[in-house]
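Working through the structure, step by step
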Amino acid sequence: MASKDEGTAHLRLRRRLLLGLAAAPFVAATGSSSVLAAETATAAVNTTGLAVTDSEVTVGILHSVTGTMAISETGATQAEKLAFDEINAAGGILGRKIKVIQEDGASDWPTFAEKAKKLLVNDHCAAIFGCFTSASRKAALPVIEQYNGLLYYPTFYEGLEQSKNVIYTGQEATQQILASLDWVNKEKGGDTFFFIGSDYIWPRTSNKIARKHIESVLKGKVVGEEYFPFGHTQFNSVINKIKLTKPKVIFVTVVGGSNVAFYKQLKASGIDLSKQILLTLSVTEDEVEGIGGDNIAGAYSCMKYFQSIENENNKAFVAAFHKMWGEKTVIGDVTQAAYLGPFLWKMACEKAGSFDVDKVVAASPGLEFKAAPEGYVRVDPNHHLWSKTRVGKAKADGQFEIVYTSPELIKPDPFPKGYQ
């Protein structure tokens, strides 16, 4: 970690970058230096046929901007574009500006595989920044591995995966699922749980891990478990079951637009979240904007980032995000994690002196991003990030009051012993 004086200098320089005053501040903030293209011949930095010229390097963005997942994925797209703009303003990577090709996964998992292949085979992208749900990642992963692409994946997920071709910038199970259950048990006395989730791999696997922890470690009980298809909007039946079983904690892994219907119906049913504990792993400020703050106020969410984090990195990030996308635009956990990807890629490319995927991957472990809005992250050899865990309490204004922050960074462990 940097000294206090060095950290202050980094923050001052980063603020200058976000104001567009110079490229040099970005160099200090990221701990790397841009190299002029004249000093790095294309043949030297691109030996595998990627879309790299003397002046440009092409990357892909692949998120859902249409369909039920657009409510959650739009922010990730915006964050990645902001990061690329900042990097380009600072001189690019290895003297080359970044060109972006954007594709829409359209909330359809086969489409993610199709578009990933297009970005790698047709467009020869040096890296892809995208996917959101585990279903979309699982669909695209075989394609990415087959063509030796590189994916920066920004979403919290169930773990139980590690690919040479993926850098995971969100949390895995030990950093979110287990940490949140320990918190709610210790701080709120949570010992009985009702699971409600969307019907696909992330909620089902997450709840399998959660059940094992609740029953084996916390000595609690799961009193109900229900799943619903993507886009589902009728939750009154399961809400009645929640009323009958009276769990201490409603544990929610509903994703996308279905959250809007669920929380509105929950409030209409008379369930008071100031008295009934609700803990979600899937609602950020992005979803709250659609749900409405009044409908979810009092609920708890476990993430590693909330827009309300108070540090100089985040102040600069929020200001830059609002300048680019509008003052009323909210910023959620996955949005911030998506913002990290381009910078970690830049740092790895410059450390490797190449855009070649194998070299970039080899250069990634140990990278530190001290200007991360969440505070600080480090890439583990297992391709996940060391991050802190936080719990936020939803407020009526759409933001979260942070009520818990882990004292230290949590080492990522995608294959926790006893939970596989």
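The chain is annotated in an unreviewed UniProt entry as Aliphatic amidase expression-regulating protein from Methylobacterium bullatum.

Another point: the side chain of Thr205. Tracing the backbone through its elements, the reader meets Thr205 in helix α8 (residues 201–216). You can call Thr205 buried: its relative accessible area is 18%.

Taken domain by domain, the chain holds domain 1 (45–171 + 310–387) and domain 2 (176–303 + 392–405). Inter-centroid distance (C-alpha atoms) of domain 1 to domain 2 is 28 Å. Contacts between the two partners involve 21 residues from domain 1, matched on the other side by 24 residues from domain 2. Here domain 1 meets domain 2 over a buried area of about 1800 Å², counting both sides, of which 66% is carbon and sulfur. Taken together, the links from domain 1 to domain 2 amount to four residue pairs in polar contact (both at pLDDT 80 or more). Listing elements by their share of the side of domain 1 that touches domain 2, those giving two or more residues are α4 (70–89), α6 (134–146) and α14 (333–352). Of the residues that constitute the side of domain 1 that touches domain 2, the class distribution is nine nonpolar, eight polar and four charged.

Procedures and definitions
Residues numbered from 1 in each chain as written. Predicted model: local features only at pLDDT ≥ 70, side-chain atom pairs only at ≥ 80, totals over all residues. Heavy atoms only, no water. Helix = DSSP H or I, 4+ residues; strand = E, 2+ residues; numbered from the N terminus. Buried < 20%, exposed > 50% of the residue type's maximum accessible area, 1.4 Å probe, protein only. Domains from an automatic or database assignment. Contact = heavy atoms within 4.5 Å. Buried area = accessible area lost by both parts, 1.4 Å probe. Polar contact = N/O pair within 3.5 Å; in protein donor to acceptor, adjacent residues only side chain to side chain. Nonpolar A, V, L, I, M, F, W, Y, C, P; charged D, E, K, R; others polar.

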